[in-house]
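So you can see what is in the structure, the chains are spelled out below.
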Amino acid sequence: MNNWDLIIVVPLIIILGLAFLYFLYKKQNFEKKIFWFYTQTLIVWVINAILIQENSNVLTDAFDKMPSATVVVLLLFGSSMLFAILLKPFATWITGKIRSRNIWIRASILASILASLLLFIPSNDAAWFKVIIILQAIILGISISSQSLYFLYLNEQKYNRLFALKVSFAIGFVITFATFIGNWILNINNFVTDKIIVLNIVTVILLLLSLLISFKNGSENKNKIGEFRLVLKEELIKYSKSTLVKLIILTLILGIIYGFIQSPIFRMYFVANSKIGNDNQKWLEALDRKYQALFIFGQFVIGYTLYKIMLPKIGVKNLIFALIVISGLTLLISTFVINSVWIIISNLIFGSAYFVLFYMWFAFAIMWNYRASKGIPVTGFIASALLLGQFLVIFIFNSFIYTKTGLFTYQSIQSIIAETNIENIIAFENNLKKVIRITAASLFFINSIYLFLTVLWIDQVIAEFIDYANIKHIFSEYEKQSVEKKINSRIIIE
């Protein structure tokens with residue numbers, strides 16, 4: 001049975017993931033506010049994962065009928081990533097100024113509803129189709145730009161802006177897990193029917209539900225939004241522009257490395273190599289689906305486990321160094337070993353390393369966000385830097401692929417699967433192997449530079465987190481004092 005992953009394995013993983021989310025909620029002392037927040041976050045990012053993929057599929061299906069110049073323009077302006085890159089810093093800045101993260105979060109839910117409704121519009125007219133695609137990309141960009149605000153909201157309203165690492169990995173797990181569920185729902189829909197009408201009706205209903213749930217979170221405490229109080233800022237290492245620049249560079253390079261790793265060439269090679277041994281179309285489609293799921297699975301399962309187990313044992317610096325070194329060794333091996341089995345193994349390694357490294361850097365962005373003056377949107381810049389790195393690579397590769405430049409004689413995985421001449425596939429696979437070898441060698445060099453810069457800058461970037469156990473204790477004590485002050489104030493008032 002080719003679809004055993006859709007019917008048995010993935011549902012089981014989802015059940016276990018939901019159980020783990022309940023465990024996370026339980027650790028919050030069963031606060032209803034936190035329960036509704038996690039529920040809302042999960043629903044919104046499940047739907048956004050579906051909408052982003054639907055938008056990409058609609059765009060890809062239309063490229064065959066377009067001239068190369070039009071394809072490149074749509075790859076640029078028809079991408080929600082581009083507009084998310086531009087909007088993320090603004091979303092962080094404006095919600096800090098008006099002291100309300102919920103306003104943008106709710107507006108982004110409405111944006112997702114509108115993006116979903118746009119998919120109902122027929123695309124028979126070529127000119128009108130281009131307008132719709134770009135409009136949908138802008139609207140989805142608004143929705144995606146809210147991602148950083150979920151981290152800030154939880155850290156501010158629940159943890160008094162203190163526990164950035166805990167929040168970064170908790171929300172990172174929820175969003176990555178939601179992406180996994182969204183991809184599964186889309187695959188199930190494609191398995192049952194290739195129509196998206198019913199699916200999009202369901203997405204609109206769920207988004208409306210998430211909007212209602214957002215009002216059950218309660219009102220935001222505006223005093224917790226924005227910079228730390230001066231008393232606390234004086235006790236901590238001070239923010240500087242050079243720290244922000246270094247953190248942006250480290251995140252940008254990470255985005256570039258993992259943009260290459262998740263580029264279509266590895267996926268295309270995997271499918272082409274598998275097709276040479278087995279030409280069954282259903283089997284190849286199922287194999288491709290499993291390959292895509294593995295990267296996400298590696299992130300929220302192996303990655304989160306690494307964070308929970310290894311971080312307390314070896315500390316922040318050593319964990320970051322270890323993951324960069326492991327990524328480098330994996331890239332080095334990939335220059336010599338190129339086959340389907342190794343691509344699967346390396347996919348899991350990269351997925352888990354990517355999860356931990358990014359949410360580490362993003363945690364430090366959250367930390368600096370409250371130390372920066374004049375409302376500088378540190379988290380917005382860091383989130384945009386990662387997306388920019390990925391977007392640049394994706395845009396370049398897709399421009400070659402969809403304009404059939406060079407060795408990219410196939411525009412999609414489906415076209416590789418549908419190919420009847422196996423000699424063409426063998427030639428394509430051989431050419432891809434050369435490109436992968438060059439790419440892996442280049443990435444190993446970039447990763448080495450990345451390791452050097454990390455060693456050079458890490459003490460400044462992670463500040464007090466050099467001693468993870470100590471800063472965790474200090475913040476715990478500070479939070480305890482804050483709670484005691486609140487209790488004493490209430491006793492005095494009463």
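Colleague: I'd love a proper account of the overall build of the protein chain, names of residues and values included.
Modeller: Looking only at helices and strands, one finds 18 helices and zero strands in the protein chain. In the protein chain, the proportion of contacts linking residues at least 24 apart, taken out of those at least 6 apart, comes to 84%. As displayed, the protein chain has an accessible area near 21700 Å², and 68% of this comes from carbon and sulfur atoms.

Colleague: So, empty space enclosed by the protein: which residues are in play, and what are the values?
Modeller: Counted under the stated rule, the structure contains three cavities of 30 Å³ or more. Of the voids in this model, the largest cavity is the one considered here, and its volume is about 60 Å³. The element contributing the most residues to the lining of the largest cavity is helix H14 (residues 340-369), with four residues. Looking at the lining of the largest cavity residue by residue, the class counts come to five nonpolar, three polar and no charged.

Colleague: I'd love a proper account of the nonpolar core, names of residues and values included.
Modeller: Within soluble globular proteins, side chains that are nonpolar generally end up buried alongside one another. Counting residues in each nonpolar core, the largest one holds 111 residues, and the members touching the most others are Met 360 and Phe 364. Among the elements that take part in this core, H14 stands out by supplying 17 residues, more than any other. If sequence neighbours within four positions are ignored, Met 360 has contacts with Leu 165, Phe 169, Leu 311, Val 316, Leu 319 and Ile 320.

Colleague: So what about the packing of helix H11 (residues 241-261) against helix H15 (residues 378-402)? Which residues, and what values?
Modeller: As a packed pair, H11 and H15 sit with axes 7 Å apart at the nearest point and diverge in direction by 30°. Taken together, the axes of H11 and H15 lie roughly parallel to each other. Considering only the axes of H11 and H15, their crossing is right-handed. Where H11 abuts H15, its residues Leu 244, Leu 247, Ile 248, Thr 251, Leu 252, Leu 254, Gly 255, Ile 256, Gly 259 and Phe 260 lie against Val 378, Phe 381, Ile 382, Ala 385, Leu 386, Leu 388, Gly 389, Gln 390, Val 393 and Phe 397. Across the contact of H11 with H15, the residue classes break down as 15 nonpolar, five polar and no charged.

Colleague: Explain the pattern of salt bridges to me, and be specific about the residues and the numbers.
Modeller: For the structure shown, the criterion picks out four salt bridges. Notably, a salt bridge pairs Glu 156 with Arg 101, separated by 2.7 Å at the nearest N-O pair. Of the two residues, Glu 156 is situated in helix H7 (residues 147-157) and Arg 101 in helix H5 (residues 101-118); the sequence distance between them amounts to 55 residues. Here Glu 156 and Arg 101 have matching classes, each one buried. Among the salt bridges present, the one from Lys 317 reaches Asp 459, with a minimum N-O distance of 2.9 Å. One end of the pair, Lys 317, is in helix H13 (residues 281-334); the other, Asp 459, is in helix H17 (residues 422-462), and 142 residues separate them in sequence.

Colleague: Report on unusual backbone geometry, specifying residues and quantitative values.
Modeller: Negative phi characterises most residues that are not glycine, and trans characterises most peptide bonds. Backbone geometry places Arg 99, a non-glycine residue, at a positive phi of 55°. Secondary-structure assignment places Arg 99 in the loop between helix H4 (80-97) and H5.

Colleague: An account of the packing of H4 against H15 is needed here, citing residue identities and associated values.
Modeller: H15 packs onto H4 with a crossing angle of 170° between their chain directions and a minimal axis gap of 8 Å. Put simply, H4 runs roughly antiparallel to H15. Touching Met 81, Leu 82, Ala 84, Ile 85, Lys 88, Pro 89 and Thr 92 of H4 are Thr 379, Gly 380, Phe 381, Ala 383, Ser 384, Leu 387, Leu 388, Gln 390, Phe 391 and Ile 394, all from H15.

Colleague: Would you mind going over the packing of aromatic side chains in detail, with residue names and values included?
Modeller: For the coordinates displayed, the defined rule picks out 30 aromatic pairs. Put simply, the rings of Phe 20, Phe 23, Phe 151, Phe 169, Phe 173, Phe 177, Tyr 304, Tyr 307, Phe 355, Phe 358, Tyr 359 and Phe 362 pair up and form one aromatic cluster. Above the face of the Phe 215 ring, Arg 106 is positioned so that its terminal group lies 3.9 Å from the ring centre. Sitting over the face of the ring of Tyr 159, Lys 158 holds its NZ or CZ atom 5.9 Å from the ring centroid.

Colleague: Could you give an account of H5, with specific residues and numbers?
Modeller: Compared with an ideal rise of 1.5 Å per residue, which puts 18 residues at 26 Å, H5 spans 26 Å between its outermost C-alpha atoms and is within 8% of the ideal. Here H5 starts with a cap whose side-chain oxygen sits 3.4 Å from the backbone nitrogen of Ile 103, and that cap is Ser 100.

Colleague: Can you tell me about H14, naming the residues and giving the values?
Modeller: Because each turn of an α-helix spans 3.6 residues, side chains separated by three or four positions in sequence point in the same direction. Helix length check: H14, at 30 residues, gives a terminal C-alpha distance of 42 Å against a target of 44 Å (1.5 Å per residue), a fit within 8%. For H14, the buried fraction is high: 25 of the 30 residues fall into the buried class. Measuring from the side-chain oxygen of the N-cap residue of H14 to the backbone nitrogen of Val 341 gives 3.2 Å; that N-cap residue is Asn 339.

Colleague: A description of a nonpolar patch on the surface should follow, citing residues and the corresponding values.
Modeller: The grouping of Leu 114, Leu 117, Phe 120, Ile 197, Val 198, Ile 201, Val 202, Ile 205, Leu 206 and Leu 209 at the surface amounts to a nonpolar patch, some 850 Å² of accessible area in total. Elements represented by at least two residues in the nonpolar patch include exactly H5 and helix H9 (197-214). Checked against the element boundaries, Phe 120 lands in the loop between H5 and helix H6 (126-144).

Colleague: Before we move on, could you go through the side chain of Glu 429 and cite the residues and values that matter?
Modeller: Mapping Glu 429 onto the fold places it in helix H17. No salt bridge is formed by the buried Glu 429. Its closest oppositely charged neighbour is Lys 433, at 4.7 Å. With residues up to four places along the chain from it excluded, the contact list for Glu 429 reads Tyr 269, Ala 272, Asn 273 and Ile 276.

Criteria and cut-off values
Residues numbered from 1 in each chain as written. Predicted model: local features only at pLDDT ≥ 70, side-chain atom pairs only at ≥ 80, totals over all residues. Heavy atoms only, no water. Helix = DSSP H or I, 4+ residues; strand = E, 2+ residues; numbered from the N terminus. Contact = heavy atoms within 4.5 Å. Areas by Shrake-Rupley, 256 points an atom, 1.4 Å probe, with all protein chains shown as cover. 1 Å grid on protein atoms, 1.4 Å probe; cavity = no way out; pocket = protein on both sides within 12 Å on 5 of 7 lines; lining within 4 Å. Points joined across faces, edges and corners; volume = space filled by probe spheres on them. Nonpolar A, V, L, I, M, F, W, Y, C, P; charged D, E, K, R; others polar. Core = buried A, V, L, I, M, F, W, Y, C linked by side-chain atoms within 4.5 Å. Buried < 20%, exposed > 50% of the residue type's maximum accessible area, 1.4 Å probe, protein only. Axes fitted to C-alpha atoms, helices over the stretch in contact; angles between N-to-C directions. Parallel < 35°, antiparallel > 145°, perpendicular 65-115°, else oblique. Left-handed = near helix turned anticlockwise from the far one by under 90°. Salt bridge = Lys/Arg side-chain N within 4 Å of Asp/Glu carboxyl O. Phe/Tyr/Trp six-rings, centres within 6.5 Å; stacked < 30°, edge-to-face > 60°. Lys NZ or Arg CZ within 6 Å of the ring centre and 35° of its normal. Expected span 1.5 Å × (residues − 1). Polar contact = N/O pair within 3.5 Å; in protein donor to acceptor, adjacent residues only side chain to side chain. Patch = residues over 30% accessible without salt bridge, like charges linked within 9 Å, V, L, I, M, F, W, Y side chains within 5 Å. Lys, Arg positive; Asp, Glu negative; His and termini not counted.

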